[in-house]
Every structure is written in structure tokens, then in C-alpha cells.
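An overview of the molecular structure
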Amino acid sequence: MTGPAITEQVGTGTARGVGSSPARPDGVLKVTGQFAYGSDLWMDGMLWGVTLRSPHPHAVIGSIDISAALATPGVHAVLTHADVPGRNLVGLEHADQPVLAESVVRYQGEPVALVAADHPEIARRAAGRIVVDYQVLSPVSDPRTALDAAPLHPGGNLVRRVKIRKGDPAPVADVVVRGEYRVGMQDQAFLGPESGLAIPDGEGGVDLHVATQWLHVDQQQVCTALGLTPDRVRLTLAGVGGAFGGREDLSMHVHGCLLALHTGKPIKMVYSREESFFGHVHRHPAWLQYEYGADSSGALVYARGEICLDGGAYASSTGAVVANAATMGLGPYDIPNVHVDCYGVYTTNPPCGAMRGFGAVQAAFAYEAMMDKLADALQMDPVALRIRNAMSEGSRVPTGQLVDSAAPVAELIGRVRDLPQPPAPPTAGPVDLRQLPGGVGNTTHGEGVRRGVGYAVAYKNVAFSEGFDDHSTARVRLEVAGGTPIVTVHTAAAEVGQGLVTVQQQICRTELGVDTVLVHPADTTVGSAGSTSASRQTYVTGGAVQHVCALVRARVLELTAALPDLPGTPVGLRDGAVVDADGAALIDLAELLGDQAVERTDEWRHRRTYPIDPETGQGDAHVQYSFSAHRAVVDVDVELGLVKVIELACAQDVGRAMNPDAVLGQIQGGSTQGMGLALMEEIQVVDGKIVNPSFTDYLIPTILDTPPMPIQVLENPDPHAPFGLRGVGEAPTVSSGPAVLAAIRAACGHDLTRVPVRPQDIIG
Amino acid sequence: MEFLAPADLGDAVAAKAAHPDAVPIMGGTDVMVELNFDRRRPELLLDLGRVPELREWDRDGDRIRLGAAVSYSRVIAELSGVLPGLAMASRTVGSPQIRNRGSIGGNLGAASPAGDAHPALLAAAAEVELTSVRGVRRVPIDDFFLGVKRHAGAPDELITAVWIGAATGPQQFSKVGTRNAMVIAVCSFGLALHPGSAQVRTGIGSAAPTPRRAAAAETFVNAALQDGNLWHSRDVLAESLLTEFARRVTAAAAPIDDVRGTADYRRRALGVLARRCLQWAWTDYRSGSVG
Ligand SMILES: Cc1cc2nc3c(=O)[nH]c(=O)nc-3n(C[C@H](O)[C@H](O)[C@H](O)COP(=O)(O)OP(=O)(O)OC[C@H]3O[C@@H](n4cnc5c(N)ncnc54)[C@H](O)[C@@H]3O)c2cc1C
């Protein structure tokens, strides 16, 4: 870790607090296979629910005949849209997606009917006996012409358009470069499929245990669909096996509850791997057309971008993704004149929504390619060009917002450039296939292999933007058990693998000076924590936990007022005791509290953001930015088009490394996921149908595809954020892929415009 | 679904004769995937995992009899000296777990055009041993693959072994995939030099409805080596020879566009693999090494 450290605050008085890397509370269970994921839930007497999905991307439903399915022995219920008691429309931003299709299906895999049975196999067989009369319609597959197609939804096929206008509308520059790029549909590829258990309470309400990212937004939607009040729909987080945005929308939530309420029995639902590809939203495919102009010294004069995003059949979070792609669309550079149009449309392709990097990822492939093109046209070093134009603290982003904390763009890209280069490929001696493009496939022993180096720097907004009331709620309880002070922290924040549970413990230790911190299961008996997305939970729920700990600490200090004989003035808590300003223990918490508990619950919000102007895109839309830079070093077999990433170096400013090990884990994982998109990860859709819904053909990087990652972590505190921290999880996903693409271009000499890059593109 | 688990080969072939529709299962790395994806619902599974005769290999003179259930891991660990091409192909298969469970016989049973053992077996001139209550026969590998996932075994026959000559010259195997491990072949190529008979043999994978040899390429290179006295002189191969060999291998393929790659890419990649494999094998031959 490098960079300035921020000063510790009062109360930081125990080991294993903020800034250390204690073991995760769920770590041993996970690596020994004992952690209970959503798919492991079990209850005696439960039934299995399955979903019948549309085989067609676009069709009118004439009729649905469930009689044969219902007559199947062992079947307890077969439900259709007619059985949805509340509003048959749900959705994250717009309620536009039926719980169960009524008269039309708009994507392949859209849920049409549900079956509950004693055994999953019986349920699947019964589902196969449901007769749906479909009149197949032609799919609306090309988002670029979707606006001219017949409307798929009442309001037409435009989900949202965002325009950003800044400076001169007709700028002129010495050097102009243009490019067109295409980014394919990436999947979150989490390993734990969608799953949950819905338990009816016998009084018309239901308890839902589900693997998700945001319990309260799920709860609202389930309530609307079931026509129930929130007190009757209680959610508890089940073990989540990865999320990356794919669990922000509903999957089995309403379906499970419907079946549970209908049968009066607990219902378990688990998607198969194949079904999972149809059961969650994906990253938006994008078509990007860019033009950049610079003066002869390399200073950017203007940037224009047009971005089309395929939202698929339902809106999900397309609106917010459009805003992100637009506002982050030109990269972390100072650009005086800006013209961006970004729009997202409805098609009959798989619905797209949140995925790590959320709109910023697609744009970065285009703007970083433009920076390389510009460097080439100017005969400038690509890193020097980036440094020349780097945004910094005090800059104004294209939306006019002031960058009011550290923005070390130039330093980050300079740091990865200055790292030592990995060794050149060996030219003699025995070959190690694992180090060569093609890997163990034994496709080269060095023939056709060229090395390339590429750079990228990017930024990503942290937390929810555009005036959203983005908050979290924490409940913190301090009490003494068996003579030891114990803290229990309770939030509704979803731990999805990122380590928030550990960070919550660390914050409590630091703030309350108590080592034993229990993390209460996340559920809806405490207020909303907001979503585990947008790199926001350590910031927002971490902020809430810190805030509520301060309330608890204040109360504890108040209690000492009843003890006039203390040997000093109590100012904080450390190592289980109340301490004075010198850190000397005045009284043990165990003694002070006895059998009384101190508990506080409160909400916490980050500073306000504002909507952007619909015509100019101007406005203070974002809370904070997270910056990262990558240098990719690749060996490319230019005759076969195969790639070995030799090294992927990253520098990132995290404000404060709350948990240094977890920070590295996020950077490694994010870098790998971005590299996966650059090289291989793509859901291939032909005429609205997914042709590779399995891990046989949806490839994600293996360990042999994943290079060493030298990582530099900067800690420039953001004075507006708790502990000075910056959200970590997404930025590396944004900058790694473009760096890999740039390195491959450098090696093969082709202007690669398609992501993921395919072997045939590389050989040209 | 019924499940039969015969304890020896006699019981196994009897079971297959009694239930020709029974689906044999060895490592299960193909069968279980099909069951899990609900692509297949056999009435009867015939588990051959307990049949000792299938799990062994022996050497009979200059030929290896490889029991059908011998895993990729064992081929790599125990046979890479005598069956270098098959061992190279085995190293490219799946992950360690798949190499531990998956077998050469299972690969043949699945008869996928993408099966990685096939090009190596074609290049090595292997024979597939088929056993039924009617007797034992050996089918030359060239006649084994009949169509996409169809092979020459009769409904009452089991694949019991593969017979392969111990290598007398260098062998190579290359496989293109879009990631560096754990990937199904986009296309693959196997090549074996047989100095004793002055023959080069080849095998093409994932680029036609069945694995197949590049016959015209073999004819060309065999003639060129003969005419140039190259088997004897061990001189370097001319560029023109490599180029024409690669061209003919490409021409022997009949690939399609699919989710893993385009036909055009497959053709071009095969040409590159063919040239490199021949070059590597010949370089080894020149230095006098076998394998
Ligand atoms: C994750 C994964 C990765 C894989 N990667 C590769 C790869 O890289 N390359 C590759 O080639 N394959 C790969 N495969 C496929 C598979 O592992 C191989 O085809 C393997 O050789 C199958 O062997 P098995 O013993 O598991 O066969 P099984 O699954 O037991 O059987 C395969 C087929 O052969 C039939 N069969 C089995 N035994 C007999 C017999 N004695 N007589 C007649 N028919 C029989 C079965 O009925 C079935 O049709 C992969 C599979 C998975 C799941």
C-alpha cells in the first residue's frame, strides 16, 4: 500500500479493525464446502417449484391448457398469470415485466407458468405437459433498428436517451480520429444458480429466503405482485454464490411465494445452470461510434460518441445503465467540447441490466481505443497522451460536475507504465505450453508469437446517482455475555462474496473497541441497506455502521457520567474498555454495562446527487468516482489468433484500504472479469435465441488464462466518504478489458473493433 | 431408470446382448452431462466401472492393448513414452477431474467430431476392439466413425479396448480452443511419423462430421519424403513441402460455422497446425528421437 494514510479517529482501539485483513467469518465454511447457499435450503414437507418458460423470443399466447399438468400425480399446483393476486408487473426502475406472461412473450425463456410438486422431476415433467398455444411473431433482434419496429411496450421501444452537451457544438481540431466498436453480451456467470425457499406463515403471509442483492427492493416488488403489505412478506438473505449485478432483478421470488401461498407448503426453487442463463439479466451489448479531435500538441479538443445499448425485452436497469454509459462515456479526461448521445432500447433479446461496471465497461472499450488511435495519429506515446489529458482534482467532468476529491489519473497510468516489464518469451530451452498462447493445446512452440503491451485508464461512479435517495440502515447492539463485551451488527445488506460481513465487523471493532462482533443475518426486520451494487456497500452500509456505532459509543460514554470516580476523562472505547485521551483504560465495558445492552438503529445517506438536464446532460449526478489503470502484456499467436495474457498490472486509488486483502481480491476478480469480456465471454444470441447457454460454450477464464497481477493500491482519502474510502469493486472491470484489447492490437497490428475479440479477428 | 453393474466382462456383454438399448457408462463425463441437461432419458444404464478387464492395459509385442476404461490421466502417467500422440491429446482434455474420470473408450463411444483422442488414434492407425456374445472383432479406426456421434459398434457390442502400435517415430497433437485450457476443440490435428513403413499419418478433429484423415495430404507428403530420400537423409523439409502439405490438410476438412468458430477460421487454423505439427515431428525425427 502506498499513498498518504488518513489519521485514525477516536475509538480505533482494537486489532482486527479497519485497515487490517482479518479472516472472513464465512471463509472456512466456504472453502470447506460447508457454507449453506440458497440452493442448499431444505425444509421437511417442502415442495419443488419449477418454471415453464417460453421457447420463443416473441409470440402471442393464444391459450394455456394446464389440465394435463394438474392431473399428474404428485403435482400440487399449476399457476399462470391468472393466479397472480396483485399487479402482474414488476421491475427495478419501470414495472414492465409480467410475473407470468399474459398475452405475449417478449424473450426466449420468459416465465409462462409454474408447477409445484413433490419432486423436481415430477414438476419438470408436469411442466412439459402444459400446452401453450403460441402464435410466433418475428423477433425484434437488432437494437439499432428497434426504434423503427412495431412497439413492444405501450410507450414504444425507447427505454431512455441521454444527451451530454458541453462547449462548442461545431469544434475543429488538427487531428481527428474515428472508430466504431461493438461489445457483446456478457454474463455474470456466478456459480450459485438462482434459488430460494418460500415458507407460508399460515396466515396469508410468507417468509422468503432468497439469494439476492437487495432485499428491500425485492420485498416491494413481491408485495406489489402478491397484493400484500410488507409486514406479510418477510425476506431473509440466503447464501449467495456470486451476483455481479445478476441478482438485482427478481428471479424466483414471486414465483416461489405464489406457489407457497397457493399450496400452503414451503416451496423450494433452484434454477439449473442452463435455466440460469435465462433467469437473470446480462450486460448490455453495445454499438459505439466515436470521433475524437486533438490539437497537434495532443490536447483533446473534442469528443463525440453515439452509444446504442440493447436493453432486451424488459427495462430492468437500462435507464441507469444508459445514464452511466453516457456520463462515463468519454473516460477520465479533460475534454472541452463534448457531444454524447446514448440510448437504450427494447428488443426481443434477453433482458439486460446490471453487471459490474454498469455501462462504463462498454464505453471504455471505445474511448480507450480512441485514445490509442489518437496517439498513433499524433505519433505520441499512448501513455503520454493520456497523461497530457488526464482528469484531476478540480476538473469538471462532461456533465459539468466538479471533481472535488483526488483523481490521480495521470499517476495511476504512470505507475503501471513504470512497473518492470515481465520477462520476454524464452527463445531457447524446453517450452512450457502453459506460458504460450493456445496453452496446453500445444498449438505453438513460439511460432507466430508476438508480444504486445497495452494501456487503459478508466473511472466508474460509486453508489446510486441522479438524485436517488441512496441510503442504508444499521442496527448495532453492544452487550456483555459471559463477561465479554459483544457487538451485534444487523443490516439488510447482501453479502454476495465481496466481504462486506468482514468489513462490518472491522468497522465495529474500530469504532467500539470490541473484538467480538457478530453479523446478524441480513433480513427485512431492519431497514433497507440499498443494493449490493455500484461499488457502494462498503461506502454506504459501512457509513451507516460507522454512524450507528458512534451513536452507541456516545451512549456508552454517557453512561460513565454516573461514575464520578473514574481516573480520567472518558473519550473513547478501546480493547473492551472506556479510555481517556491517552488511551488509558478507565473502566471495562463489562463492568460498566453489566446486564444492560446499548442498541441503536439509524439510517445514513451519502451526500445528495442531482438529476441531469434532459437536453444537455449537465448536473451533479454522481457521488464519487473510482479510478483504475491497467497495463496488459500479451503474447499473441498472430497466425492462429490465440492470446496468452502474460501479465495484467493494475493501479487503483481506493481512498482507504479498509481490508487490504479484500481490496486485492476485488482488483484481481474485477480485472479477470474485464479480461474475460475482452477475450472470450459472450452470450451469443441469434434471432433472439441464446445459442450457448452452458459453461461448455460460455467460456470464462480458467487459471491458465489468468495472469500474474502486480497491483499498486493508492490511498488518497476522499474527504466526503466514510474513512475516506472509495468503492473498489467495479473500476478494475472497466479498465482491464480495454488494456488487453490494446495489447492485442499492438501485437497483431489490426484495428480490433469487436469485443470479445475472436481468433478470426486477430488473424485478420 | 434401471441400473446394471456387471462385475466382469462376460456379464457385461451378456447384459448388452439382453438389453441392446442399454446405455453404457464408464467415466460418465459425457453420459452424466446428457442426463443432467435432460437430453437423454435411457431406460437402462449399464455401468462398466466395475469390469476389471476394461481398466487395464498390456503390451503385446509392439502393440498396446488399452482397455476401454483407461483414463486420460493414466495414459499421461503410464504411456506417454509409447503412445506419445495419445498422451499429448490426453493432456488437452478438460480439467484434472475430467482426465481422471474420462476414458479413451468413452471418447470413442461418444464418437464426437470434437473428441480429442480421435485424431491421435487416426494418426497412430489404431484399431477398436468390439466385443459381444457373438465374439470379438477389431475395427480399424479409419472405419470406426460413421457420422456425427455414430460409430461402427453394433447395438449388442461394447467397446472393450483400443489397439495401438507403440510409437516408432515422433508424434504430435495440437488443439485450438478459445481459451488456454478446459475447452472443446475448435479444430485439432494429430500427426504420426511411421519411419518403419515410411508413412506419415494424420487425423483431423472438429472440422468435419467425423474425425478423419487428410488422405491426399498423406499421399503427397509420403511421396515427397520418398522421392527426396528424406527418411534416410533426414534433411530439413522444404518450405514448399510444408506449404503444400498444409494446403492439402485444409482441403481435407469440411468444417461448419458454429458457436465455437467459423468454417473459414477452422480451415485456416488447420493449415497452421498441420505445418507446425509436421515441422515439429520432423525436427524430432532429425534429432533421432522417438516421441
Ligand atoms: C467439463 C468437461 C470437459 C470435457 N473436455 C473434453 C475435452 O477437452 N476433450 C474431449 O475429447 N472430451 C471432453 N469431454 C467429454 C468427455 O470427458 C470425453 O468424451 C470422455 O472421453 C468420455 O469418457 P467417459 O469414460 O467419461 O465416457 P461416458 O460418459 O461414460 O461415455 C461416453 C459415451 O460412450 C458410451 N460408452 C461408454 N462406454 C462404452 C463402451 N464400453 N462401449 C460402447 N459405448 C460406450 C456411452 O454410452 C456414451 O455414449 C469433456 C467433458 C466434460 C464434462
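Scoring rules and cut-offs
Residues numbered from 1 in each chain as written. Chains lettered and ligands numbered in written order. Predicted model: local features only at pLDDT ≥ 70, side-chain atom pairs only at ≥ 80, totals over all residues. Heavy atoms only, no water. Contact = heavy atoms within 4.5 Å. Buried area = accessible area lost by both parts, 1.4 Å probe. Salt bridge = Lys/Arg side-chain N within 4 Å of Asp/Glu carboxyl O. Polar contact = N/O pair within 3.5 Å; in protein donor to acceptor, adjacent residues only side chain to side chain. Helix = DSSP H or I, 4+ residues; strand = E, 2+ residues; numbered from the N terminus. Nonpolar A, V, L, I, M, F, W, Y, C, P; charged D, E, K, R; others polar. Near = heavy atom within 4 Å. Areas by Shrake-Rupley, 256 points an atom, 1.4 Å probe, with all protein chains shown as cover. Domains from an automatic or database assignment. pLDDT = per-residue confidence, 0-100. Pairing = 2+ DSSP bridges. Axes fitted to C-alpha atoms, helices over the stretch in contact; angles between N-to-C directions. Phe/Tyr/Trp six-rings, centres within 6.5 Å; stacked < 30°, edge-to-face > 60°. Buried < 20%, exposed > 50% of the residue type's maximum accessible area, 1.4 Å probe, protein only. Lys NZ or Arg CZ within 6 Å of the ring centre and 35° of its normal.

Examining the interface of chain B and chain A
- If you look at the interface, chain B gives 28 residues, while chain A gives 38 residues.
- If you sort the residues of chain B by the area they bury against chain A, Arg179(B), Asn180(B) and Arg276(B) come out on top, with a joint share of 28%.
- Taken together, the connections running from chain B to chain A amount to 4 salt bridges.
- Where Asp637(A) meets Arg276(B), a salt bridge forms, and the shortest distance between an N and an O atom there is 2.6 Å.
- On inspection of chain B and its partner chain A, the count reaches 21 residue pairs in polar contact (both at pLDDT 80 or more).
- Secondary structure elements with two or more residues in the side of chain B that touches chain A: helix H4 (84-91), strand E11 (171-176) and helix H11 (263-286) of chain B.
- Looking at the side of chain B that touches chain A residue by residue, the classes come out as 14 nonpolar, 7 polar and 7 charged.

What to know about the site of the ligand
Residues and elements named next belong to chain B.
- Around the ligand sit 31 residues, and of these Pro24, Thr29, Asp30, Tyr72 and Ser103 come closest.
- Contact distances for the ligand include 2.7 Å between an oxygen atom and a backbone N or O atom of glycine 27.
- Separating a nitrogen atom of the ligand from a backbone N or O atom of isoleucine 159 is a distance of 2.8 Å.
- Isolated, the ligand exposes 980 Å² of accessible area, and the fraction of that covered by the protein chains is 88%.
- Those elements that provide at least two residues to the shell around the ligand are strand E2 (23-25), helix H2 (31-36), helix H5 (96-101), helix H6 (104-110) and strand E10 (158-165).
- Among the elements that take part in the shell around the ligand, H6 stands out by supplying 4 residues, more than any other.
- In terms of residue class, the shell around the ligand is made up of 15 nonpolar, 11 polar and 5 charged.

A short note on the domain arrangement of chain A
Residue and element names in this part refer to chain A.
- Domain annotation for chain A reports domain 1 (3-35 + 471-605), domain 2 (38-137 + 209-229 + 236-240 + 247-269) and domain 3 (286-465 + 611-763).
- Of note, the centres of domain 1 and domain 2, computed from C-alpha atoms alone, are 40 Å apart.
- Facing 17 residues of domain 1, the contacting portion of domain 2 comprises 12 residues.
- Both sides together, the interface formed by domain 1 and domain 2 hides about 1200 Å², and carbon and sulfur atoms give 57% of it.
- The largest per-residue losses of area from domain 1 upon contact with domain 2 belong to Phe35, Thr524 and Ser531, which jointly make up 33% of the total buried on that side.
- Connecting domain 1 to domain 2 are 0 salt bridges.
- Between the two partners, domain 1 and domain 2, sit 7 residue pairs in polar contact (both at pLDDT 80 or more).
- Classifying every residue of the side of domain 1 that touches domain 2 gives 8 nonpolar, 7 polar and 2 charged.

Details of unusual backbone geometry
- Omega for the bond connecting Val755(A) with Pro756(A) falls within 30 degrees of zero, at -5°, which places this linkage in the cis form.
- By secondary structure assignment, the location of Pro756(A) is in the loop between strand E29 (754-755) and helix H16 (759-763).

Thoughts on the confidence of the model for chain A
- Scored by pLDDT, chain A comes out at a mean of 96, with 98% of its residues at no less than 70.
- When the criterion is pLDDT under 50, residues 1-12 of chain A qualifies, and its contacts beyond four places in sequence or with other chains add up to 31 contacts.

What about the side chain of Arg53(A)?
Residues and elements named next belong to chain A.
- Relative to the helices and strands, arginine 53 resides in strand E1 (residues 47-53).
- Of note is the side chain of arginine 53, whose polar atom sits 3.1 Å from the side chain of tyrosine 271.
- Reaching out from arginine 53, the side chain makes a polar contact with the side chain of glutamate 275 at a distance of 2.8 Å.
- Residues in contact with arginine 53, not counting those within four places in the same chain, are Gly109, Glu110, Pro111, Val112, Tyr134, Tyr271, Glu275, Phe278 and Gly279.

Thoughts on the sheet that holds strand E3 (residues 44-47) of chain B
Residue and element names in this part refer to chain B.
- One open sheet accounts for 3 strands, arranged E1-E3-E2; its pairing is parallel. Each of the sheet's edge strands pairs with one partner strand only, and the pair in question is strand E1 (2-4) and E2. The average undirected angle you get between the axes of adjacent strands in this sheet is 25°.
- Pairing between E2 and E3: 3 bridges, direction parallel. By the bridge assignment for E3, isoleucine 25 is matched with aspartate 47.

Details of the packing of aromatic side chains
- Applying the stated rule across the entire model yields 18 aromatic pairs over all chains.
- Aromatic pair Tyr290(A) and Tyr292(A): ring centres 6.1 Å apart, planes at 25°, arrangement stacked.
- Tyr290(A) gets classed as buried once you look at its relative accessible area, which sits at 3%.
- We classify Tyr292(A) as buried; its relative accessible area is 0%.
- Members of the aromatic cluster, joined through ring pairs, are Trp214(A), Phe464(A) and Phe468(A).
- The ring of Phe190(A) is capped by Arg247(A), whose NZ or CZ atom sits 4.0 Å from the centre of that ring.
- Looking at Arg138(B), its charged tip hangs above the ring of Trp163(B), at a distance of 3.6 Å from the centre.

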